[in-house]
Amino acid sequence: MGTFVSIEVDAPEATAKRAFEWFHLVEAHCSRFDAASELRQLTAGKRTPASPILFEAVRFALRVAEETGGAFDPTVGGRMAARGFNRHYLTREVTQGPGFDDGVSFLDVELDEHDRTILLRRPLTLDLGAVAKGLAVDAAARELRPFRNFAIDAGGDLYLGGCNPQGEPWSAGVRHPTVPGELVDRFRVCDRAVCTSGAYERGRHILDPRRGEAANGVASATVIAASAMLADALATAAFVLDPQQSIALLTRMGVEGLIISATLELFRTPDLRRA
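Nothing here was measured: the structure is a model prediction, and the numbers come from that model.

**Q** Please set out helix α4 (residues 129-144) residue by residue, giving values where relevant.
**A** Over its 16 residues, α4 runs 23 Å from end to end, which matches the ideal 22 Å to within 8%, given 1.5 Å per residue. Counting buried positions over the 16 residues of α4 gives 13, a clear majority of the element.

**Q** So, the sheet that holds strand β3 (residues 109-112): which residues are in play, and what are the values?
**A** With antiparallel pairing, the three strands of this open sheet are ordered in space as β2-β4-β3. Strands with a single pairing partner mark the edges of an open sheet, and in this sheet they are β2 (48-49) and β3. When β2 meets strand β4 (residues 117-120), the two strands line up antiparallel, connected through two bridges. What sits directly across from Pro-49, in β4, is Thr-117. Relative to the sheet, helix α2 (residues 52-67) contacts β3 and β4, its axis offset from that of β3 by approximately 125°.

**Q** Just give me the short version of the packing of aromatic side chains, but keep the residues and values in it.
**A** Tallying each qualifying case throughout the model produces one aromatic pair. Here the aromatic rings of Phe-150 and Tyr-159 are separated by 5.8 Å at their centres, their planes lie at 15°, and the arrangement is stacked. Exposure class is identical for Phe-150 and Tyr-159. Each is buried.

**Q** Talk me through the environment of Ala-61; I want residue IDs and the actual numbers.
**A** Summarising the element assignment, Ala-61 is placed in helix α2. In sequence terms Ala-61 and Leu-126 are 65 residues apart; their C-alpha atoms lie 9.9 Å from each other.

**Q** Lay out the nonpolar core with the relevant residues and their values.
**A** Note on soluble globular proteins: their nonpolar side chains tend to be buried together. Core analysis: the largest hydrophobic core is formed by 67 residues, its most contacted members being Leu-54, Phe-72, Ile-118, Leu-128, Val-131 and Ile-152. Here this core gets 11 residues from one element, more than from any other, and that element is helix α5 (residues 228-240). The contacts of Ile-152, once residues within four sequence positions are left out, are Ser-6, Ile-7, Phe-23, Val-137, Ala-140, Ala-141, Leu-144, Asp-157, Leu-158 and Tyr-159.

**Q** Which residues make up the sheet that holds strand β12 (residues 218-225), and what are the values?
**A** Sheet strands line up and pair through hydrogen bonds in the backbone, either parallel or antiparallel. Spatially, the seven strands line up as an open sheet ordered β1-β5-β6-β9-β12-β13-β14, and their pairing is antiparallel. Edge strands, defined here as strands with exactly one partner in the open sheet, are β1 (5-9) and β14 (266-268). With strand direction ignored, the average angle separating the axes of adjacent strands in the sheet is 10°. Contacting β1 and β5 (150-154), helix α1 (residues 13-30) runs over the sheet at an angle of about 155° to β1. Contacting β1, β5 and β6 (157-161), α4 crosses the sheet at an angle of about 160° to β5.

Calculation criteria
Residues numbered from 1 in each chain as written. Predicted model: local features only at pLDDT ≥ 70, side-chain atom pairs only at ≥ 80, totals over all residues. Heavy atoms only, no water. Helix = DSSP H or I, 4+ residues; strand = E, 2+ residues; numbered from the N terminus. Expected span 1.5 Å × (residues − 1). Buried < 20%, exposed > 50% of the residue type's maximum accessible area, 1.4 Å probe, protein only. Pairing = 2+ DSSP bridges. Contact = heavy atoms within 4.5 Å. Axes fitted to C-alpha atoms, helices over the stretch in contact; angles between N-to-C directions. Phe/Tyr/Trp six-rings, centres within 6.5 Å; stacked < 30°, edge-to-face > 60°. Core = buried A, V, L, I, M, F, W, Y, C linked by side-chain atoms within 4.5 Å.

In structure tokens:
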């Protein structure tokens, strides 16, 4: 997944190991950069049986795409590859050729709930990056939940269970988009995921699927939700929309969030609990 994962928990080593293993397992099923992944075996025009992991990731991605009117769309893989996001994070080898799927959308992906198959109606490349890491974080959190108090950090995507070592709710901060080392806000979080999409180290790497261009409506979008998969996907969608649309989306979806506009103005959902 191209990220470092850290876990803070007072639990047996075997439990922590199982939590970490979810990240490798989800990547093996959902990576568009690994030619051997289950995702890369999907072929246009062919109904392909899918594992529970891949099927759930695709189903969730399509659900969010529908909820956001296409502001979030998992069919951007080919367009991302065409823009140079086509190298394996470890080997740096090019793993995909130029994009060939302009004009496709989430409506070109069909799921059969009964047979658990995935059909790509047209040639396209799915990019599940905005849901797969969240899926792995949520699975790891389920492993750790019996131990109540824990923190998972997957490259800035967080799940914070219970309380911190001082017995208080965890504190999570949002980095300033342009000033290194500075925070623009901080929240107290308990049993929630916190995910941020922004133009930080990787620059503007999120596409607006509706226009096929780099999203530039906001500088940073942070979402606090009950699951990391939901928080990660909605943060990606909110990064594509303008600040007012983003806040309206997050409020409608029943999650909390902070949007930093391109001019560094702050927009918060009405129920955001700040530290």
